[in-house]
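# Residue-level structure breakdown
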Amino acid sequence: TSYLVRQIDMENIGELEISEVSPTFLIEDGKTYGPIQIYKKDNVYAILAGVTMSSHTAYEFIKKSTEFAKENGIQKIIVPRLWGIRKQNLFLMD
């Protein structure tokens, strides 16, 4: 998990499913997770991808993240990393 998720003690609330991401699982503290997890604390959400993505996969990641934001009434999206970086992370605030 990211530094921010650990520092503010965000809760894991689910995952995003991206068709182009290979069936990968992460194991943390003895629990199994999919490669793209959603965390929440108060009005801050974080979507973390633990896999490398192609530009096509990153596009689907952004599209699904935006859909998630709309469904949850989130109005502000911060993308600290983009394509060409090992992992894509997205932080959302409602």
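Let us look at the structure shown here. Just so you know, these numbers come straight off a predicted model, no measurement behind them. (Residues numbered from 1 in each chain as written. Predicted model: local features only at pLDDT ≥ 70, side-chain atom pairs only at ≥ 80, totals over all residues. Heavy atoms only, no water.)

## Section: the nonpolar core
Counting 15 residues, the largest nonpolar core has Leu16, Ile36, Ile38, Ile47, Met53, Phe61 and Phe68 as its most contacted members. Looking at this core, the elements with two or more residues in it are β4 (36-41), β5 (44-49) and α2 (55-71). Looking at this core element by element, the count peaks at four residues for α2. The next biggest cluster of nonpolar side chains, apart from the first, holds six residues, and it includes Val5, Tyr39, Val44 and Ala46. (Core = buried A, V, L, I, M, F, W, Y, C linked by side-chain atoms within 4.5 Å. Buried < 20%, exposed > 50% of the residue type's maximum accessible area, 1.4 Å probe, protein only. Helix = DSSP H or I, 4+ residues; strand = E, 2+ residues; numbered from the N terminus.)

## Re α2
Taking 1.5 Å per residue, 17 residues should reach 24 Å; α2 reaches 24 Å between its end C-alpha atoms and fits that length. Among the residues of α2, Thr57, Ala58, Glu60, Phe61, Ser65, Phe68 and Ala69 are the ones counted as buried. Immediately beyond the C-terminal end of α2, within one or two residues, lies glycine 73, with a positive phi of roughly 65°. (Expected span 1.5 Å × (residues − 1).)

## Looking at the pairing of β4
Direction of pairing for strand β1 (residues 11-15) relative to β4: antiparallel, over a ladder of four bridges. In the sheet register, glycine 14 faces β4, and the bridge partner there is isoleucine 38. Inspection of the sheet shows β4 paired to β5 by six bridges, in the antiparallel sense. Bridged to isoleucine 38 within β5 is isoleucine 47. Linking two consecutive strands that pair antiparallel, namely β4 and β5, is a turn of two residues; a positive phi of about 55° is found at aspartate 42 within it. (Pairing = 2+ DSSP bridges.)

## Here we look at the side chain of threonine 57
Locating threonine 57 in the fold gives a position in helix α2. Residue threonine 57 is classed as buried on the basis of its relative accessible area of 6%. Ignoring sequence-local partners within four residues, the contact set of threonine 57 consists of Ile18, Glu20 and Val21. (Contact = heavy atoms within 4.5 Å.)

## What about the packing of aromatic side chains?
Following the criterion strictly, the structure yields one aromatic pair and no others. Arranged with centres 5.6 Å apart and planes meeting at 75°, the rings of tyrosine 45 and phenylalanine 68 form a pair that is edge-to-face. Here the residue tyrosine 45 occupies a position in strand β5, and phenylalanine 68 occupies one in helix α2, the gap between them amounting to 23 residues. Residue tyrosine 45 is classed as buried on the basis of its relative accessible area of 5%. Residue phenylalanine 68 is classed as buried on the basis of its relative accessible area of 12%. (Phe/Tyr/Trp six-rings, centres within 6.5 Å; stacked < 30°, edge-to-face > 60°.)

## Describing the environment of isoleucine 78
Relative to the elements of secondary structure, isoleucine 78 occurs in strand β6 (residues 76-78). Take isoleucine 78: its relative accessible area is 40%, and that puts it in the partly exposed class. In sequence terms isoleucine 78 and alanine 46 are 32 residues apart; their C-alpha atoms lie 9.4 Å from each other.

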